[in-house]
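Each chain, letter by letter, is given below.
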Amino acid sequence: MKELDEYRANLIERLVSAAGEFRDACLAVQDPFAPLEDGWNIHQIAVHTRDVNLLVYGLRASRTAEEDNPEFQNFDGDAYMMEHYDADEPLPQLLDGFAANVETLAAILKGLPAEAWSRESRHSTLGSGFTLQTWVERNLAHIEEHLQTVKKGI
């Protein structure tokens, strides 16, 4: 149990540090609107990462902690971006909001009892058995994936 508690504490710590690293890496880019290999630019990646944290993994983690076996709908990140992306949104402010949201989630996670990490939720297309810990791990993986992409663009 001690190892699991340490793993979860490190997971929370890494989630916050990855968000900060992502913020700093995005702000270090000379031209955040220059297209990358996949066609998106750093500004779009920042918006996408912020939105997925807010509307997908962060939301799923917090709802799983609070509700009994909630069900989540599929999220199409590309479609959401096409509908909601605003190139005029200031990069520093959106990144500050992203980092603050991750810190808020981390504070919630730190206050949970150990058994809360095993609370389950369902996904409309992927099925059941998704624990709070799963959503936190996926959130971190998503941030780190885009952090690596941004670092390549620096």
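Residues numbered from 1 in each chain as written. Predicted model: local features only at pLDDT ≥ 70, side-chain atom pairs only at ≥ 80, totals over all residues. Heavy atoms only, no water.

Now for the confidence of the model for the protein chain. On average, residues of the protein chain score 96 in pLDDT, and 100% of them reach the 70 mark or higher. Predicted confidence in the protein chain is weakest over helix α3 (residues 77–84), with a mean pLDDT of 94, and strongest over helix α4 (residues 91–110), with 98. (pLDDT = per-residue confidence, 0-100. Helix = DSSP H or I, 4+ residues; strand = E, 2+ residues; numbered from the N terminus.)

Turning next to the nonpolar core. Ranked by size, the top nonpolar core spans 37 residues in total, and within it Leu 15, Phe 22, Leu 109, Val 136 and Val 150 carry the most contacts. Elements that contribute at least two residues to this core include exactly α1 (2–28), α2 (42–66), α4 and α5 (132–153). Broken down by element, the residue count for this core peaks at nine residues, all from α2. Apart from the residues within four sequence positions on either side, Leu 109 is in contact with Ile 12, Leu 15, Trp 117, Leu 132 and Val 136. (Core = buried A, V, L, I, M, F, W, Y, C linked by side-chain atoms within 4.5 Å. Buried < 20%, exposed > 50% of the residue type's maximum accessible area, 1.4 Å probe, protein only. Contact = heavy atoms within 4.5 Å.)

The two faces of the sheet receive side chains in turn, since in a regular strand these alternate between them. Only one face of strand β2 (residues 120–123) is buried: it carries Ser 121 and His 123, and the other face, with Glu 120 and Arg 122, is open. Sheet analysis places strand β1 (residues 71–72) next to β2, joined by two bridges and oriented parallel. Bridge pairing in β2 links Phe 72 to His 123. (Pairing = 2+ DSSP bridges.)

All right, on to α5 then. Under the 1.5 Å per step criterion, the end-to-end length of α5 is 32 Å for 22 residues, consistent within 8% with the ideal 32 Å. The complete set of buried residues in α5 reads Leu 132, Gln 133, Thr 134, Trp 135, Val 136, Asn 139, Leu 140, His 142, Ile 143, His 146, Leu 147 and Val 150. For α5, the elements touching its buried residues are α1, α2, β1, α4, β2 and β3 (127–131). (Expected span 1.5 Å × (residues − 1).)

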